[in-house]
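One letter stands for each residue in the lines below.
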Amino acid sequence: MADTLPSEFDVIVIGTGLPESIIAAACSRSGRRVLHVDSRSYYGGNWASFSFSGLLSWLKEYQENSDIVSDSPVWQDQILENEEAIALSRKDKTIQHVEVFCYASQDLHEDVEEAGALQKNHALVTSANSTEAADSAFLPTEDESLSTMSCEMLTEQTPSSDPENALEVNGAEVTGEKENHCDDKTCVPSTSAEDMSENVPIAEDTTEQPKKNRITYSQIIKEGRRFNIDLVSKLLYSRGLLIDLLIKSNVSRYAEFKNITRILAFREGRVEQVPCSRADVFNSKQLTMVEKRMLMKFLTFCMEYEKYPDEYKGYEEITFYEYLKTQKLTPNLQYIVMHSIAMTSETASSTIDGLKATKNFLHCLGRYGNTPFLFPLYGQGELPQCFCRCKAIIDQFGQRIISEHFLVEDSYFPENMCSRVQYRQISRAVLITDRSVLKTDSDQQISILTVPAEEPGTFAVRVIELCSSTMTCMKGTYLVHLTCTSSKTAREDLESVVQKLFVPYTEMEIENEQVEKPRILWALYFNMRDSSDISRSCYNDLPSNVYVCSGPDCGLGNDNAVKQAETLFQEICPNEDFCPPPPNPEDIILDGDSLQPEASESSAIPEANSETFKESTNLGNLEESSE
């Protein structure tokens, strides 16, 4: 296939993370010839989502992966005398301190059918030796190797001109399976290439469980295709840059979203729901009438705080936490605003940062639901693929390809190029549990919870709990993501929060139906590199036409990835529209066709703008009632 690949492109993008995928799509929309490549066997890089067996295979790859130094002259012969080669690293060193624990019962009479099954680790979270746990955790039954090189040429698909489909938010439980989007030019997988065989519909397991509420590890393995486990845990602000870009570019037609149904707080050892909108505040039984009026008055001020500089003048140099103490707010309200609305740090956020975060939260309320957040069905890994609709080309033989611009994901750079870079780290935990942290009448709740830091030098932990209607876990379970900025290893950073909210699943507790906390069936801890906001000057000997794309940051939203993509796009394509919508099929003029002004006037862009205006008008009314 190498013979059919053009020898020259305008832009070559290496890596399929969210920033790289957005840039590749934007350059393609602007008429540039784009080659999009990735050596991994799956889409997304550290933005990827995996089925359960796919995650085990990913863990195995990280355990076995090593740098491959090739002395083969295949590519070296392609270097000219006046050129210098940059050997990209084949080993991804962005993941460290991986620890896996399995607490679910392993029924030895059941056959494990899914590839990559783990044996049960009987150690408890509180007493397991980290080294032994890491060594005993990886016991896949099937060996899977990385493909040599996957090259992707981005091709355009013509989105629907129906503006009502600009962004589909699914408020009901979804029962269907993921579909592939195909047309006459491109067949687009909507999950990672590694799990292509896992997109077939799955019949419900009607086998009677041996005991009530008992979930075995074999069941998790058998239902592994129902899991879509994100490496990075994020949500989308309903008025964030990514949502606006998805609507503007019409890429939103490739994805579905669900509303986050509730925002939780953790106080005095209890989990409770936080009121968001005006109606929630006045219906809340947790607040007194005086507190309700205090809170509404303060939130109304935050919506237009720029108009009243005298209210915060003189407080700019102190933290938002100290500023809240100067307002007429009770300690209960201060806690709610700080940790559940602004979601900022008590020590690191200034007054202005806190006011901006609070205004952003309120500004996003009501656009698609009663909270400011959305979550993509099938996981965060769907978003890079939405921008990555392409045809795969396998090139195993080496070919000299010339390009004016190169965009490279940070993890591909060799160590000698990154020796001066000071990376931060993200601590991550992924739990499979048997019930929600806050039980209600509905078992289909999607929740976000912030647990404040307890000790100096540590960071608040963000907890996102997903139910089965998000298509990320099997029925009867919840998928819980914990995230914070690293100060130690992931397990050391997050274990105390896990112990506050959950208990390990044990045989003794199966008989006890009065267990208050959710039980952990399976747990994964790991540290991920945070390469965001690093200046290109920190990289050694970086050529001027090579641009760096960072991996995920620790923030809740995706604004950093969108800003980075737009900044790099403007350097490559100055003064051009960033990721414009594709043309309406009715506006495409072929040779011999006559121009029809009527069709041009009814194109997708005016309709989309009209819909956006209509939507904004409705949201304005909702926001007034939320203030």
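Here the structure is shown first, and the text comes after it.
Because the structure is predicted, anything quoted here is derived from the model rather than measured. Sequence order sets the numbering: in each chain, residues are counted from 1 along the sequence as written. Predicted model: local features are reported for residues with pLDDT of at least 70 only, side-chain atom pairs are reported and counted for 80 or more only, and whole-chain, interface and lining totals are derived from all residues. Only hydrogens and water are set aside when side-chain values are computed; all heavy atoms of the structure are taken into account.

Q: Explain the pattern of salt bridges to me, and be specific about the residues and the numbers.
A: In the sections that follow, a salt bridge refers to a side-chain nitrogen of Lys or Arg positioned within 4 Å of a carboxyl oxygen of Asp or Glu. According to the stated counting rule, one finds 21 salt bridges in the structure shown. Lys307 is the salt-bridge partner of Glu304, the closest N and O atoms lying 3.5 Å from each other. Using a relative accessible area of 32% as the deciding quantity, one classes Glu304 as partly exposed. Here Arg529 and Asp410 are joined by a salt bridge, their closest N and O atoms 2.8 Å apart. Placement of Arg529 in strand β22 (residues 519-530) and of Asp410 in the loop between β16 (402-409) and β17 (424-433) is noted, with a sequence separation of 119 residues between them. The rule is simple: take the accessible area with a 1.4 Å probe, protein chains only, and divide by the maximum for that residue type; under 20% is buried, over 50% is exposed, in between is partly exposed. By definition, any uninterrupted DSSP run of H or I lasting at least four residues is a helix, any uninterrupted run of E lasting at least two residues is a strand, and each is numbered from the N terminus.

Q: Explain the side chain of Asn259 to me, and be specific about the residues and the numbers.
A: Note on placement: Asn259 falls in strand β11 (residues 256-259). At a separation of 3.1 Å, a polar atom in the side chain of Asn259 contacts the main-chain carbonyl oxygen of Tyr368. The term polar contact refers here to a pair of N or O atoms within 3.5 Å; inside protein, the definition further demands a hydrogen-donor-capable atom paired with an acceptor-capable atom, and it admits residues adjacent in sequence only when both atoms are side-chain atoms.

Q: Explain the nonpolar core residue by residue, including any values.
A: Within this scheme, the nonpolar core is defined by two criteria: the residues are buried Ala, Val, Leu, Ile, Met, Phe, Trp, Tyr or Cys, and they are joined through side-chain atoms within 4.5 Å. Core analysis: the largest hydrophobic core is formed by 102 residues, its most contacted members being Phe52, Phe298, Leu482 and Trp522. Sorting elements by how many residues they give to this core places β22 first, with eight residues. Contact definition: two residues touch when any of their heavy atoms are within 4.5 Å. When sequence neighbours within four positions are dropped, the list of residues in contact with Phe52 reads Tyr217, Ile220, Ile221, Gly224, Phe227, Ile229, Ile432 and Trp522. Core analysis: the second largest hydrophobic core is formed by 39 residues, Val11, Ala25, Ala26 and Tyr254 among them.

Q: Could you give an account of helix α13 (residues 490-501), naming the residues involved and the relevant values?
A: With 12 residues, α13 ought to run about 16 Å at 1.5 Å a step, and its terminal C-alpha atoms sit 17 Å apart, in line with that. By the burial criterion, the buried members of α13 are Ala490, Arg491, Asp493, Leu494, Glu495, Val497, Val498 and Leu501. To estimate the expected span of a helix, subtract one from its residue number and multiply by 1.5 Å.

Q: Requested: an account of the environment of Phe227, with residues and values cited.
A: Its location among the elements puts Phe227 in the loop between α5 (217-222) and β9 (229-230). Expressed as a C-alpha distance, the spacing of Phe227 and Gly54, which sit 173 residues apart in the sequence, is 9.5 Å. Discounting residues that sit within four places of it in the chain, Phe227 has contacts with Phe50, Ser51, Phe52, Ile220, Ile432, Thr472, Cys473, Met474 and Thr477.

Q: Account for the pairing of β17, naming residues and giving values.
A: Counting buried residues in β17 gives eight out of 10 residues, a clear majority hidden from the surface. When DSSP locates at least two bridges between a pair of strands, those strands are taken to pair. Sheet topology note: the β17/β22 ladder contains 10 bridges and is antiparallel. In the sheet register, Val430 faces β22, and the bridge partner there is Leu524. In this sheet, strand β20 (residues 478-485) lies alongside β17 in antiparallel orientation, the contact comprising eight bridges. Directly across from Ile432, in β20, lies its bridge partner Leu479.

Q: Requested: an account of helix α11 (residues 351-364), with residues and values cited.
A: With 14 residues, α11 extends 20 Å from end C-alpha to end C-alpha; this agrees with the ideal 20 Å at 1.5 Å per step. Three or more residues of α11 are buried, namely Thr351, Gly354, Leu355, Thr358, Phe361, Leu362 and Cys364. With its phi angle positive at about 90 degrees, Gly366 sits one or two positions after the end of α11.

Q: Pulling in residues and values, what's your account of unusual backbone geometry?
A: Even without being a glycine, Asn250 presents a positive backbone phi close to 65 degrees. Within the element layout of this structure, Asn250 appears in the loop between α6 (241-249) and β11. The residue Met471 is not glycine, and still its phi comes out positive at about 60 degrees. With respect to the helices and strands, Met471 occurs in the loop between β19 (461-466) and β20.

Q: Before we move on, can you summarise the packing of helix α10 (residues 331-341) against α11 with the specific residues and values?
A: Every axis in this analysis is a line fitted to C-alpha atoms, fitted for helices over the stretch in contact. Angles between the N-to-C directions lie between 0 and 180 degrees. Two elements in contact, α10 and α11, have axes whose closest approach is 10 Å; the angle formed by their N-to-C orientations is 75 degrees. By the angle class used here, α10 and α11 are roughly perpendicular. Judged by residue contacts, Val337, Ser340 and Ile341 of α10 engage Ala357, Thr358 and Phe361 from α11. Note on angle classes: values under 35 degrees are labelled roughly parallel, values over 145 roughly antiparallel, values of 65 to 115 roughly perpendicular, and the remainder oblique.

Q: How would you sum up the environment of Lys328? Please name residues and give values.
A: Positionally, Lys328 belongs in the loop between α9 (320-326) and α10. Spatially, the C-alpha atoms of Lys328 and Lys297 are 9.5 Å apart, while their sequence positions differ by 31 residues.

Q: With reference to specific residues and values, describe the environment of His363.
A: Structurally, His363 is set in helix α11. Exposure remark for His363: the relative accessible area of 33% places this residue in the partly exposed category. Along the sequence, His363 and Arg239 sit 124 residues apart, while their C-alpha atoms lie 7.5 Å from each other.

Q: Could you give an account of the packing of α6 against helix α15 (residues 559-572), naming the residues involved and the relevant values?
A: Two elements in contact, α6 and α15, have axes whose closest approach is 8 Å; the angle formed by their N-to-C orientations is 55 degrees. The angle between the axes of α6 and α15 places the two elements in the oblique class. Residues Leu241, Leu242 and Leu245 of α6 form the contact with α15, whose participating residues are Asp559, Val562 and Lys563. Here the contact of α6 with α15 is composed, by residue class, of four nonpolar, no polar and two charged. The nonpolar class holds Ala, Val, Leu, Ile, Met, Phe, Trp, Tyr, Cys and Pro. Asp, Glu, Lys and Arg form the charged class, and all remaining residues, Gly among them, are polar.

Q: Go over the state of the cysteines, please, and point to the residues and values.
A: Pairs of cysteine sulfur atoms within 2.5 Å are identified as disulfides in what follows. This structure, assessed with the given rule, holds zero disulfides. The structure places no disulfide on Cys549, whose sulfur is separated from the nearest cysteine sulfur, that of Cys27, by 9.9 Å. Of all cysteine sulfurs, the one in Cys27 lies closest to Cys573, which takes part in no disulfide; the gap is 4.5 Å. On the basis of relative accessible area, Cys573 is assigned to the buried category, the value being 0%.

Q: Residues and numbers for the side chain of Ser436, please.
A: For Ser436, the location among the structural elements is in the loop between β17 and β18 (447-451). Given a relative accessible area of 10%, Ser436 falls into the buried group. Looking at Ser436, its side chain comes within polar contact range of the main-chain nitrogen of Leu438, at 3.2 Å. A distance of 2.7 Å separates the side chain of Ser436 from the side chain of Glu465, its partner in a polar contact. Excluding residues within four positions of it along the chain, Ser436 makes contact with Arg262, Glu465, Tyr478 and Pro518.

Structural measurements only, silent on function.
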